Amino acid sequence: MFSLIAGLIRYLFSKTEINVLILGLDYAGKTTLLEQMKGIFKKVQGIPPSKIPPTVGLNVGKMDVGGCKLTFWDLGGQVRVRSLWEKYYADAHGLIFVMDSADVGRFEEARMAFDTVKEQGELHGVPLMMLANKQDLPEAISTADISVQFDMHKITKVAFRLQPCSGLTCDGVAEGIHWIVDEAKKRARPRVDA
Ligand SMILES: Nc1nc2c(ncn2[C@@H]2O[C@H](COP(=O)(O)OP(=O)(O)OP(=O)(O)O)[C@@H](O)[C@H]2O)c(=O)[nH]1
Ligand SMILES: [Mg+2]
């Protein structure tokens with residue numbers, strides 16, 4: 001009886017664990033966003049944007065958001081390291097695709113990478129958010145135009161959000177992360193340690 005009650009108490013106080021995958025082309029701003037999230041949600045200073053090197057493997061960020069324990073996996077976006085992405089699909093509860101809204105010259109490449117990722121069977125049903133990053137730049141394309149260029153009206157089978165943001169000013173970042181956590185926690189289960 002005691003162990004049943006203890007188990008129930010552990011269950012009630014356990015936090016849901018959520019894994020969120022952060023993908024996108026190189027130079028989109030993924031690591032910058034992850035470092036800024038540490039400031040927003042953990043109140044610790046992340047690496048300053050000017051000191052962040054290109055990612056060749058994986059950066060992991062852990063933080064509590066919305067009553068959940070989050071693990072972010074930020075993967076490198078260069079072509080030669082994109083083959084690593086698929087190793088993380090099966091364990092992801094949420095997917096963030098970051099794009100550089102100001103780099104129109106790479107929109108087609110970003111669109112192809114985005115299409116490839118969202119068609120992965122292992123990500124079926126996983127909530128998806130595109131962060132239209134670098135909105136602080138004057139040449140940034142609006143989310144209304146990005147939505148048309150990426151055919152976003154066709155995304156109907158998963159919870160989807162297109163979120164404008166800036167990894168430099170942090171505008172839009174917390175709003176987007178709260179959305180993906182709320183959606184992802186519908187798929188994840190609270191972890192109860194034995
Ligand atoms: N103006 C502006 N610059 C940004 C923003 N976010 C990131 N950057 C800059 O964009 C460049 C690339 O940022 P990273 O965070 O390294 O990009 P990444 O997507 O992690 O790149 P990989 O690790 O190579 O895949 C850096 O010079 C950042 O300072 C933003 O919102 N606005
Ligand atoms: Mg990076």
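Residues numbered from 1 in each chain as written. Chains lettered and ligands numbered in written order. Predicted model: local features only at pLDDT ≥ 70, side-chain atom pairs only at ≥ 80, totals over all residues. Heavy atoms only, no water.

An unreviewed UniProt entry lists the protein chain under the name ARFRP1, ARF-like Ras superfamily GTPase, with Ectocarpus siliculosus as the source organism. Of the comments in the UniProt record for the protein chain, the one headed Sequence similarities (unreviewed entry) reads "Belongs to the small GTPase superfamily. Arf family." (UniProt positions renumbered as here; feature names shortened; annotations may be inferred.)

Peer 1: Can you explain the overall build of the protein chain? Please cite residues and give values.
Peer 2: Helix and strand content of the protein chain: five helices and six strands. Secondary structure elements of the protein chain, listed N to C terminal, follow the sequence α-β-α-β-β-β-α-β-α-β-α. Computed over C-alpha atoms, the radius of gyration of the protein chain comes to 17 Å, within 12% of the 16 Å expected from 2.2 N^0.38 for 194 residues, which places it in the range of a compact globule. The burial tally for the protein chain puts 47% of its 194 residues in the buried class. For the protein chain, the separation between the mean place of its 24 positive charges and that of its 23 negative charges on side chains is 7 Å. (Helix = DSSP H or I, 4+ residues; strand = E, 2+ residues; numbered from the N terminus. Rg over C-alpha atoms; globule rule 2.2 N^0.38 Å. Buried < 20%, exposed > 50% of the residue type's maximum accessible area, 1.4 Å probe, protein only. Lys, Arg positive; Asp, Glu negative; His and termini not counted. Charge placed at Lys NZ, Arg CZ, Asp CG, Glu CD.)

Peer 1: Can you break down empty space enclosed by the protein residue by residue, with the values?
Peer 2: Vacant regions in the atomic arrangement are exposed by a probe of water-molecule size rolled over the atoms. Summed over the entire model, instances satisfying the criterion amount to one cavity of 30 Å³ or more. Taken as a whole, the largest cavity spans an internal volume of roughly 80 Å³. Surrounding the largest cavity, Leu 25, Asp 26, Tyr 27, Ala 28, Val 98, Met 99, Asp 100, Asp 103, Arg 106, Phe 107 and Ala 110 form its lining. Taken together, the elements giving at least two residues each to the lining of the largest cavity come down to β4 (94-100) and α3 (107-118). (1 Å grid on protein atoms, 1.4 Å probe; cavity = no way out; pocket = protein on both sides within 12 Å on 5 of 7 lines; lining within 4 Å. Points joined across faces, edges and corners; volume = space filled by probe spheres on them.)

Peer 1: Would you mind going over the coordination of the magnesium ion (ligand 2) in detail, with residue names and values included?
Peer 2: Those protein atoms acting as donors to the magnesium ion (ligand 2) are Thr 31 (OG1) and Thr 55 (OG1), and they sit at 2.0 to 2.1 Å. Placement of Thr 31 in helix α2 (residues 30-42) and of Thr 55 in the loop between α2 and β2 (58-65) is noted, with a sequence separation of 24 residues between them. In this structure, Thr 31 and Thr 55 share a single accessibility class: buried. (Donors = N, O, S within 2.8 Å, 3.2 Å for Na, K, Ca; no water.)

Peer 1: Just give me the short version of the site of ligand 1, but keep the residues and values in it.
Peer 2: Within the structure, ligand 1 sits among 21 residues, and Lys 30, Thr 32, Gly 77, Asp 136 and Gly 167 are positioned closest to it. Note that an oxygen atom of ligand 1 is positioned 2.6 Å from one of the side-chain N or O atoms of Thr 32. Between an oxygen atom of ligand 1 and a main-chain N or O atom of Gly 167, the distance comes to 2.6 Å. Compared with its free state, where it exposes 660 Å², ligand 1 has 89% of that area covered by protein. The cavity where ligand 1 resides is the largest pocket. Per-element tally for the shell around ligand 1: the top contributor is α2, with three residues. Residue composition of the shell around ligand 1, by class: eight nonpolar, nine polar and four charged. (Near = heavy atom within 4 Å. Polar contact = N/O pair within 3.5 Å; in protein donor to acceptor, adjacent residues only side chain to side chain. Areas by Shrake-Rupley, 256 points an atom, 1.4 Å probe, with all protein chains shown as cover. Sits in = over half its atoms within 2 Å of the grid points. Nonpolar A, V, L, I, M, F, W, Y, C, P; charged D, E, K, R; others polar.)

Peer 1: Let's hear about the UniProt feature "binding site: Mg(2+)" (unreviewed entry) in the protein chain: which residues, and what values?
Peer 2: Following the UniProt record, the feature "binding site: Mg(2+)" (unreviewed entry) maps to Thr 31 and Thr 55 here. Despite a sequence span of 25 residues, these residues sit close together in the fold, their greatest C-alpha distance being 7.6 Å. Considering only the residues just annotated, the largest pocket is lined by Thr 31 and Thr 55. When neighbours within four sequence positions are excluded, Thr 31 is seen to be in contact with Ile 52, Thr 55, Asn 59 and Asp 74. Given a relative accessible area of 12%, Thr 55 falls into the buried group. Ignoring any residue separated from it by four or fewer positions in sequence, one finds Thr 55 in contact with Thr 31, Asp 74, Leu 75, Gly 76, Gln 78 and Val 81. (Contact = heavy atoms within 4.5 Å.)

Peer 1: Describe the packing of α2 against helix α5 (residues 173-184), naming the residues involved and giving the relevant values.
Peer 2: With their axes 11 Å apart at the nearest point, α2 and α5 run at an angle of 90° to one another. Between α2 and α5, the interaxial angle falls into the category roughly perpendicular. Side by side, α2 and α5 meet where Leu 33, Met 37, Ile 40 and Phe 41 of the first sit next to Val 173, Ala 174, Ile 177 and His 178 of the second. Classifying every residue of the contact of α2 with α5 by side-chain character gives seven nonpolar, one polar and no charged. (Axes fitted to C-alpha atoms, helices over the stretch in contact; angles between N-to-C directions. Parallel < 35°, antiparallel > 145°, perpendicular 65-115°, else oblique.)

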